[in-house]
Structures are given as C-alpha cells and as structure tokens.
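The primary structure of each chain is shown beneath.
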Amino acid sequence: MEILSNYFDIHKKYDPMFEAEGIEELSDIDWIMVEVTGKKRSQLPLCGSFSTKQTIAIENALKERLRHIPLGLIFGKSEFYGRKFIVSNKVLIPRMDTEILIDKSIKSISNKSKTQVAPVMVLDVGTGSGAIAITLQLETGANVTAVDISADALHVAKENAKSLGANVCFIQSNLFEKLKGKKFDAIISNPPYIETEVIKELDKEVKDNEPHLALDGGADGLDFYRKIISEAPNYLNSAGEIIFEIGFTQAERVSQFLQSDFEEIEVIKDFGGNDRVVSARLRRKL
Ligand SMILES: C[S@@+](CC[C@H](N)C(=O)[O-])C[C@H]1O[C@@H](n2cnc3c(N)ncnc32)[C@H](O)[C@@H]1O
C-alpha cells in the first residue's frame, strides 16, 4: 500500500502534536523533511508528494522528535561552523553560540601566528565531540591538543577528526592531569557551566539526552572556571591567552577569577546580545 504525503499534509498532522507536547521548534519538522529528502528547505512546499519510503522515514523521525529526542541524536550528526559532526548521547551536541568562541579563538591564533615562528600551540579543555578542537585546527592550522575526562566522548571526537581530516592530539585527562610539563599559547574551553540544581529544570531534550558530565558545573556553575583558571598559568607560554565560553550570567564572576593572574580581560556577546565569551592574557611577570 502506498502512503503518500506532502509538505502540507505533514505539517497539518504534526504541528498540533508538537504543540501538545510543548515542543516549540516547529522548524524541526522542516529540517526532518530536508534531511530525509535531501531537498533545500525552500523547495519542500513545491516538491509535491514524497515517496512512500520518504514518508515512512519522515514520520519515524517525527515520532522520535515527539519523544523529545533532539534532531542531532535522531540523525547522529549536527552542523557546526559549516561542517557536519557525528554526535551521540555521550557528547554535548555542539551549539551555535559556541561559534562566537571559535571566531574569537581564530582571531587570537591568527594574531599569534603573525608574531611567532613556532606553530601556535592550542589546548581545548573538555573537547566532547571535538567541535572546537577540530574546527580550530582546520581553520588555523594550529597545533591542537584536546582533553576530555570521558573515553566515550573522545571516541566520538576521534571519529570526527578522522572524517573531517583534522590533525588533533586527543588525551583522556581530568583537566590538566595528563599534561604535566606541556605549554600552550592558548587554552580554550567550553566547560560544563550549569548549576547542579538547575539541570532538572532544563528541557527534556537536554536533561534526558545529553551527558550530565557535560552540563554540571557544580553548585554555582563555576567550578570548572575556578579550577581551570587556577591551573592555567602553569600550562601557558608567556602572554598566553585563555578563552572561555560562559553562561550569560557568569561574565562578572569569571572576570573576577581571572584578575589574579590575567590582564586584558574582555567579554564578548553572542548574537542575542548575551555575554557569551570571556578572554584574557596571562599577566607578564615584571
Ligand atoms: C559543555 S561540554 C563541551 C563540549 C564541546 N567542547 C563543545 O563545545 O561542544 C563539556 C565537556 O567537558 C568534559 N568534562 C567534564 N569534566 C571534565 C574534566 N574533569 N576534565 C576534562 N573534561 C571534562 C565533558 O565530558 C564534556 O565533553
């Protein structure tokens, strides 16, 4: 039996179901059709009926989305900085906001590569899917090391590096534990920064599908900033930089932590006008 449907049939059936489930991202219905059919979003209303096979695949994916599974996990991939990354429930799905951290890091690395002959050494702390480390390696050609405490996350990150052709050194390490004696020109991190008590209030998509190891920043959400900032001076070259993604309420506290050993502290906002990145330079010794 043929089961045919078109763009409008799908929306007529699934828009109310998404609304009843409290899923606001109705655009995900379009993205599922894009992924299954390979068509551009703008072509969907014009392309007539989908084949039976496509209709079944679209409906299966929509049913998963109705169970609050994020799009990235339904298809096992997610786009970041123009590249497709493999994702699983063992890693944080890379977020668009993190592209602000990438833009700032690329600028810093490019400036350094103009003033030093040696390759720019970069460390990504808490690499997850490898999105930051791999993007920076491919965009700048820097020498990139990436650590994560999770062996499962590193497995995904290595797969991504292989499929995207990036040359990154991945190390399983609790923060700096396995990096004794190494020095970097820039330490970059999007650490876990959600307050422990807030995790249970997050959307089901996040709290039920993404690893809490990637989210939980301790009682005030700032544990990783404190730890990384206190240890970073031992792992930075002279005038080395530290660049963090932060939660939008955390700029002031993170800037305070940085004041002991860092200077030129800068806060950068995201596209929504929220504080999103804090960067600073290791204070030169007098
Ligand atoms: C917010 S996620 C960021 C993932 C990725 N860098 C991104 O931006 O999409 C934080 C990552 O830190 C890792 N992590 C948590 N505790 C850690 C620790 N003590 N040492 C190293 N990595 C840790 C988690 O496994 C997770 O992959």
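Because the structure is predicted, anything quoted here is derived from the model rather than measured.

Draft legend 1. Quick peek at the site of the ligand. Residues in close proximity to the ligand total 19 residues, the closest being Gly126, Asp148, Asn174, Leu175 and Asn190. One nitrogen or oxygen atom from the main chain of Ile149 is found 3.2 Å from a nitrogen atom belonging to the ligand. Summarising the interface, the protein chains cover 96% of the accessible area of the ligand, which totals 600 Å² for the free molecule. Counted by class, the shell around the ligand contains 10 nonpolar, 8 polar and 1 charged residues.

Draft legend 2. Spotlight on helix H1 (residues 7–20). Here H1 is 14 residues long and its end C-alpha atoms lie 20 Å apart, about the 20 Å a rise of 1.5 Å per residue gives. At Tyr14, H1 shows its maximal kink, close to 30°; a proline, Pro16, follows between one and four residues later. Residues of H1 that are buried include every one of Tyr7, Ile10, His11, Tyr14 and Phe18, and no others. The residue sitting at the N-terminus of H1 and contributing the capping side-chain oxygen is Asn6; that oxygen lies 2.9 Å from the backbone nitrogen of Phe8.

Draft legend 3. Inspection of the sheet that holds strand S7 (residues 236–245) at higher detail. Sheet architecture is open: 7 strands sit in the order S5-S4-S3-S6-S7-S9-S8, paired in mixed fashion. Edge positions in the sheet fall to strand S5 (168–172) and strand S8 (262–269), since each of these pairs with one other strand and no more. Here the strands of the sheet are splayed against their neighbours by 15° on average, with no regard to which way each runs. In this sheet, strand S4 (residues 143–148) lies alongside strand S3 (residues 121–125) in parallel orientation, the contact comprising 5 bridges. By the bridge assignment, Asp124 is partnered in S4 with Ala146. Packing against the sheet, helix H5 (residues 98–115) makes contact with S3, strand S6 (184–189), S7, S8 and strand S9 (275–282), and its axis sits at approximately 165° to S7. Across the sheet, helix H10 (residues 251–258) is in contact with S7, S8 and S9; its angle to S9 comes to roughly 10°.

Thresholds applied
- Residues numbered from 1 in each chain as written.
- Predicted model: local features only at pLDDT ≥ 70, side-chain atom pairs only at ≥ 80, totals over all residues.
- Heavy atoms only, no water.
- Near = heavy atom within 4 Å.
- Polar contact = N/O pair within 3.5 Å; in protein donor to acceptor, adjacent residues only side chain to side chain.
- Areas by Shrake-Rupley, 256 points an atom, 1.4 Å probe, with all protein chains shown as cover.
- Nonpolar A, V, L, I, M, F, W, Y, C, P; charged D, E, K, R; others polar.
- Helix = DSSP H or I, 4+ residues; strand = E, 2+ residues; numbered from the N terminus.
- Expected span 1.5 Å × (residues − 1).
- Bend = angle between axes of the 7 residues up to and from the residue.
- Buried < 20%, exposed > 50% of the residue type's maximum accessible area, 1.4 Å probe, protein only.
- Pairing = 2+ DSSP bridges.
- Axes fitted to C-alpha atoms, helices over the stretch in contact; angles between N-to-C directions.
- Contact = heavy atoms within 4.5 Å.

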